[in-house]
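Analysis of the macromolecular model
Next come the chains, spelled out residue by residue.
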Amino acid sequence: MSPATTSTAPQPSQAVVKAAAPLKPILKSSSTLLGTRRSYDDAGLEDDSMDGPQSPRKRQRVEFDLNNIEIHEIGARSVEEIKQEIKKALDRHDHGDDDEDYDMLKETLSGKQPSYEDDEDEDADPTLPAKRRQELKIYVISLASFSPRLGRSCDGLVKSVLQCQWLGRDEQFAKIYVQFLAALVSAQGARLTQVLSSIVERFVDSRPSDWAVTNHPDVNREAVQERLHVALKYLLQLFPAAKSVLEHLINTKYPFHDESKRMHLAYVDNLLRLRKYCPELGTEILDLIISRLVKIDVEMQMDLDDMDDRLAAMVAMALKSSRANGDEDGEDLDESDTESVDSDESEDDEYTRVKTAKDNIEKMDSILDTLFELYTPSFTDPESDEALEAFGDLLSEFSNFILPTIKSRHTQFLIFHFGQQSEKLMDAFCGTCINIAFESQRPLILQQAASAYLASFVARGAHVPGHIVVKIFEVLGYHLDQMRALYETSCRGPDVRRYAPFYALMQALMYIFCFRWQDLIKAVPDDVDKDDLSSYLDQEIEWEAEIKDIMRRNIYSKLNPLKVCSPVIVDQFAKLAHRFRFMYVYPLIESNKRLRLSQFSVGAYSSGGALRDLSFDMNDESWQQLGSFFPFDPYQLPVSKRWIEQDYLQWRPVPGLNQDERDEDSDEDEQDNENGEVDEDTATDGEAGEDE
């Protein structure tokens, strides 16, 4: 039944309703949990000595089993001797006496005490230096027994211990150190944030120099990460309050947008490891990653938009050079030479702009590649509950972070890729966009953005089938008619400020038509070859019901959308509509050239006074026209584009569509050839030709 002649809006297919029902609310609070929580037993620690209690509801008392650790035979002094030393230092510090012993204790526990290789007793016992280096283990064990005394007066000592480079030492020391952390928090609950912070701060470490300890064997990155997360997992098991504290810390410790790619990737990798054994923070972790990624995305796009062609070419060359040299090597080189580069190039603004853009692109590319890889296993069966749940999370990220950010350029391709895995997921995404676009309580900018996302998804999605294209076109057409009926009663002429939702929707339909016109056709003459696009030109084509009427009613309405919509889209629509005998709009376009939009503008703009104050050119009406924002424009990131290539419908020029224009220029081309002036094709020319 025609959407224009009924009072009931056409709806997306039934799969939309069925798919959307079990999904989470589109705009959910940040505390929503991700999926089914796994028990701590499922995420158990591998080492028996690190097992947490059966119930983490109460703070646990943590004690050392010295016999199991077998530390007595390693150091040069016994545990009791070192305990007496610590007790003496703490007693003197508490009484305000000379802090020399206390300061020496801080230096020792920081792990930075001077080497023992020069000790005068070394000749008598060659093993003495090694034993004394190992004494740090006894100090840590002994200090644990004094945890109840490590209150605010011992902040300096606690800070020294937390700064100890424990990740680069042997496995036994790492276990002892983690148990000390647990004992400290058990006795001093106020230290929980400080202890967790010391662990989260290590999330950015990725190179051996970040954790290496002199005169100790090298520890690889995988072992370091394992130790880091064993410690964090153990503390989460012991102390229930740790989860809320950790949620705050991972947000505040996230690298700034201008930090290196290496730091961003290391931090994201550690957040995703945390997510595996702490599913309660799963949603918050993904929210954090996506929100920060969007910020980088926006900054990157703004930087590129402000560049001229020469600087943009320099960015492309820098990216190509970085990939040729190897990403990691290039990153290390940049880091090691930072000071010299800054001093040599401090006044070179162009260099700084190019390097910043290149670094942001690489960060975006690498993090998005990681996220594509993270989500892919959940969509092995796109019809499964796991896939629906994962897509529900993606819809939430889209609604809360991506959609409100107009300048986002690449982050949204997560939803574009996974949303095409099945028709149920397509319907869920389209339904989400339709709900946002036509809910009156939504901000106007969100409604317009949702229309653009929907049109761009349908137009560019290579796996979106024709029947969904037709259904979405009809749904949008119905709402367009509703808006037209509402606005025409007060309309004096085209005005983008008053009727922006109508123009956004009209532009969305023209955009879909330009890319998916074949799917809007019901029947063609027998001599049309579907593989030969030029065979459609100048044919009597039968279009799907109401498609032509929807467009005609609204194009020729008082709102006059062809005057306000993006000229690029209007021009392409006019060419296709004319040559497919769909609609001939060139007379309207010509008459619009004599129409001044300023005469219909509302408020102070009607007189042009506000424009003169802002130094606007009154002859330039581009500011009164709709921008051509379609968020799934070509994906440019060099590494992660591998996930998109098979999902993306490139622009397909119709051979012969512009033949009339080319014939007009043929005489000039022939004259150039006769004079020997033949222009060589360039890469830019080739791309422009493809987009005709």
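The rules we used
Residues numbered from 1 in each chain as written. Predicted model: local features only at pLDDT ≥ 70, side-chain atom pairs only at ≥ 80, totals over all residues. Heavy atoms only, no water. Helix = DSSP H or I, 4+ residues; strand = E, 2+ residues; numbered from the N terminus. Buried < 20%, exposed > 50% of the residue type's maximum accessible area, 1.4 Å probe, protein only. Contact = heavy atoms within 4.5 Å. Axes fitted to C-alpha atoms, helices over the stretch in contact; angles between N-to-C directions. Parallel < 35°, antiparallel > 145°, perpendicular 65-115°, else oblique. Left-handed = near helix turned anticlockwise from the far one by under 90°. Nonpolar A, V, L, I, M, F, W, Y, C, P; charged D, E, K, R; others polar. Phe/Tyr/Trp six-rings, centres within 6.5 Å; stacked < 30°, edge-to-face > 60°. Expected span 1.5 Å × (residues − 1).

Remarks on the environment of A318
Of note, A318 is situated in helix α13 (residues 309–325). You can call A318 partly exposed: its relative accessible area is 23%. The sequence separation of A318 and K355 amounts to 37 residues, and the corresponding C-alpha distance is 7.9 Å. Discounting residues that sit within four places of it in the chain, A318 has contacts with V354 and K358.

Some thoughts on the packing of α13 against helix α16 (residues 349–375)
Across the interface, α13 lies against α16 with an axial gap of 9 Å and an inter-helix angle of 55 degrees. In terms of axis orientation, α13 runs oblique to α16. In the crossing of α13 with α16, the sense of the turn from one axis to the other is right-handed. Contacts between α13 and α16 involve R310, L311, M314, V315, A318, L319 and S322 from the first element and E350, R353, V354, A357, K358, I361 and E362 from the second. In terms of residue class, the contact of α13 with α16 is made up of eight nonpolar, one polar and five charged.

A look at unusual backbone geometry
The phi angle at D538 is positive, at roughly 60 degrees, despite the residue not being glycine. Looking at the secondary structure, you find D538 in the loop between β1 (521–523) and β2 (542–543). For D538, a relative accessible area of 36% translates into the label partly exposed.

Regarding the packing of aromatic side chains
Counted by the stated rule, this structure contains 35 aromatic pairs. Plain terms: the ring middles of F416 and F457 are 5.9 Å apart, the flat faces sit at 85 degrees to each other, and that makes the pair edge-to-face. Here F416 is found in helix α18 (residues 413–418), whereas its partner F457 is found in helix α20 (residues 444–460), with 41 residues between them in sequence. Relative accessible area serves as the criterion here: at 0%, F457 is assigned to the buried category. Centre to centre, the rings of F502 and Y503 are 5.5 Å apart; their planes meet at 80 degrees, and the pair counts as edge-to-face. Among the aromatic residues, those joined into a cluster by ring pairs are F398, F413, F416, F429, Y453, F457, F629, F632, Y635 and Y648.

Concerning helix α17 (residues 385–402)
The end-to-end C-alpha distance of α17, which contains 18 residues, comes to 24 Å, matching closely the 26 Å that a straight helix rising 1.5 Å per residue would cover. Within α17, 13 of the 18 residues are buried, which leaves the element mostly enclosed by the surrounding structure.

What to know about the side chain of H479
With respect to the helices and strands, the residue H479 is situated in helix α21 (residues 466–487). Ignoring sequence-local partners within four residues, the contact set of H479 consists of F438 and L505.

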